[in-house]
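Per-entry structural report
Chain by chain, the residues run as shown.
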Amino acid sequence: MSDRTDAAPAPAPAAPAAGPVSRAVTRPAPHPSGAHPSGARPLGEHRRWPRSFADRLTTPLPGVRAFARLAREGAFRPGPEGLRGIPDLPYAPGPLPATAAGAVSVTWAGHASWVLRTGGLTVLTDPVWSRRILGTPSRMTPVGVRWEDLPPVDAVVISHNHYDHLDAPTLRRLPRDTALFVPAGLAGWFRRRGFTRVTDLDWWEWAELDGVRFEFVPAHHWSKRSLTDTCRSLWGGWILTDTLSPVPRKVYFAGDTGYGRWFREIGRRHPGIDLALLPVGAYAPRWWLGDVHADPEEAVRACLDLGARRMAPMHWAAFVLSAEPVMEPLHRTLAAWARSGRPREDLWDLPVGASRTLPDPDADPA
């Protein structure tokens, strides 16, 4: 199960190979270069990786029967009633906030794309500024930040290689010396396109740029971009930590993930996450997408597992990727958050284009 609309440039029934794959292991494979995992990896390091990361899957990929069922049910998109909510999708672009030293701000550009400002750096997450991606209709909402309004981009983090997270036309807009942090096995894709500062990491590895630590952490997902590269590169999320501030700030960008055991482990290794950017959309039907896309209730549960102080929903309101009504992810997220008993102000359900800044650390409750 997967981002069925972005998994490959062929029709969905021809995507993953039939039959089960290996079950996941509970820890990463040995580090190919032999470096100790507790130390920072060098920026731009050239590394050798296994040919496949299929042993990291937490569920087998679907086979022929699953594709046949999906085709039979026709559950690729919402029905007319579900699409009527498009005019109600929240869209309120505004200027990027001024961010003082030691502060953290986030601006939701749409889908899984954020403009994250921390430690004096401007970081883009899974930047997709294209009007449409392969296999999907055009965006339901415009990108929330005009490209020309961005400050100089210091770094980009990529969660995995599906088309709604790795967008070649957007990346072509970046200077080729932009610092890129990507999953293991994906650096070659960028180097072939002229990028010179690419760092690919295994789970639980980290590198540092100007005092900001970028650590790659596990996710319940998979990777594929063509007919022949299933799980040839890794997938995951990112913990960004401003290490130079008196009170280091931690932001977790989940990328694309189902719900599962990794959230508790991430929270155990990273106590005090200030903000979790978590996906809440592209989840229906559950028999098809439940293993690799969290639904809103699972996203709220993941935030609790992480021990994160705040949650910002993402991965909805931009592209039609699955069958749930387009406004349902927000409604269910709000209801699940209310049931959790967490303070309403700690759910940052931003409109596309809106921003929020973490409070001053001295005034932020522990």
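As a starting point, this report considers the structure included with it. (Residues numbered from 1 in each chain as written. Predicted model: local features only at pLDDT ≥ 70, side-chain atom pairs only at ≥ 80, totals over all residues. Heavy atoms only, no water.)

A grouping of Arg172, Arg176, Arg192 and Arg193 is seen on the molecular surface, where their side chains present a positively charged patch. By secondary structure assignment, the location of Arg192 is in the loop between helix 4 (187–191) and strand 6 (198–201). (Patch = residues over 30% accessible without salt bridge, like charges linked within 9 Å, V, L, I, M, F, W, Y side chains within 5 Å. Areas by Shrake-Rupley, 256 points an atom, 1.4 Å probe, with all protein chains shown as cover. Salt bridge = Lys/Arg side-chain N within 4 Å of Asp/Glu carboxyl O. Lys, Arg positive; Asp, Glu negative; His and termini not counted. Charge placed at Lys NZ, Arg CZ, Asp CG, Glu CD. Helix = DSSP H or I, 4+ residues; strand = E, 2+ residues; numbered from the N terminus.)

Turning our attention to the pairing of strand 8 (residues 212–217). In terms of burial, strand 8 is a largely internal element, 5 of the 6 residues being buried. Note that strand 7 (residues 206–209) and strand 8 share 4 bridges and pair antiparallel. Among the inter-strand pairings, Ala207 is bridged to a residue of strand 8, identified as Phe214. Connecting the antiparallel pair strand 7 and strand 8 is a turn made up of 2 residues, with Asp210 showing a positive phi of about 50 degrees. Across 6 bridges, strand 8 lies against strand 9 (residues 237–242) in antiparallel orientation. Residue pairing in the sheet places Phe216 in a bridge with Trp238 of strand 9. (Buried < 20%, exposed > 50% of the residue type's maximum accessible area, 1.4 Å probe, protein only. Pairing = 2+ DSSP bridges.)

If you walk across this open sheet you meet the 6 strands as 7-8-9-10-11-12, and the pairing is mixed. On the outer flanks of this sheet lie strand 7 and strand 12 (311–314), each paired with one strand and no other. Mean inter-strand twist for the sheet, computed between neighbouring axes without regard to direction, equals 20 degrees. Sheet topology note: the strand 9/strand 10 (residues 250–253) ladder contains 4 bridges and is antiparallel. Residue pairing for strand 10: Ile239 is matched across the bridge by Tyr252. Helix 7 (residues 296–306) contacts strand 10, strand 11 (275–279) and strand 12 of the sheet and is inclined by roughly 150 degrees relative to strand 11. (Axes fitted to C-alpha atoms, helices over the stretch in contact; angles between N-to-C directions. Contact = heavy atoms within 4.5 Å.)

Bringing the pairing of strand 12 into the picture now. Looking along a regular strand, one sees side chains alternate from face to face of the sheet. In strand 12, alternate side chains face the same way, and those of Met311 and Pro313 on one face and Ala312 and Met314 on the other are all buried. When strand 11 meets strand 12, the two strands line up parallel, connected through 4 bridges. Bridging from a neighbouring strand, Leu277 pairs with Ala312 of strand 12.

Right, let's get into the packing of aromatic side chains. A complete count under the given rule lists 15 aromatic pairs for this structure. Judged by centre distance (5.6 Å) and plane angle (65 degrees), the rings of Trp287 and Trp288 are edge-to-face. Through pairs of rings, three or more aromatic residues link up here, namely Phe181, Phe214, Phe216 and Trp238. In this structure, Arg213 is placed above the aromatic ring of Trp206, and the distance from its NZ or CZ to the ring centre is 3.9 Å. The ring centre of Tyr163 lies 3.9 Å from the NZ or CZ of Arg225, which sits over that ring. (Phe/Tyr/Trp six-rings, centres within 6.5 Å; stacked < 30°, edge-to-face > 60°. Lys NZ or Arg CZ within 6 Å of the ring centre and 35° of its normal.)

Purely geometric stuff here, so don't read any function into it on its own.
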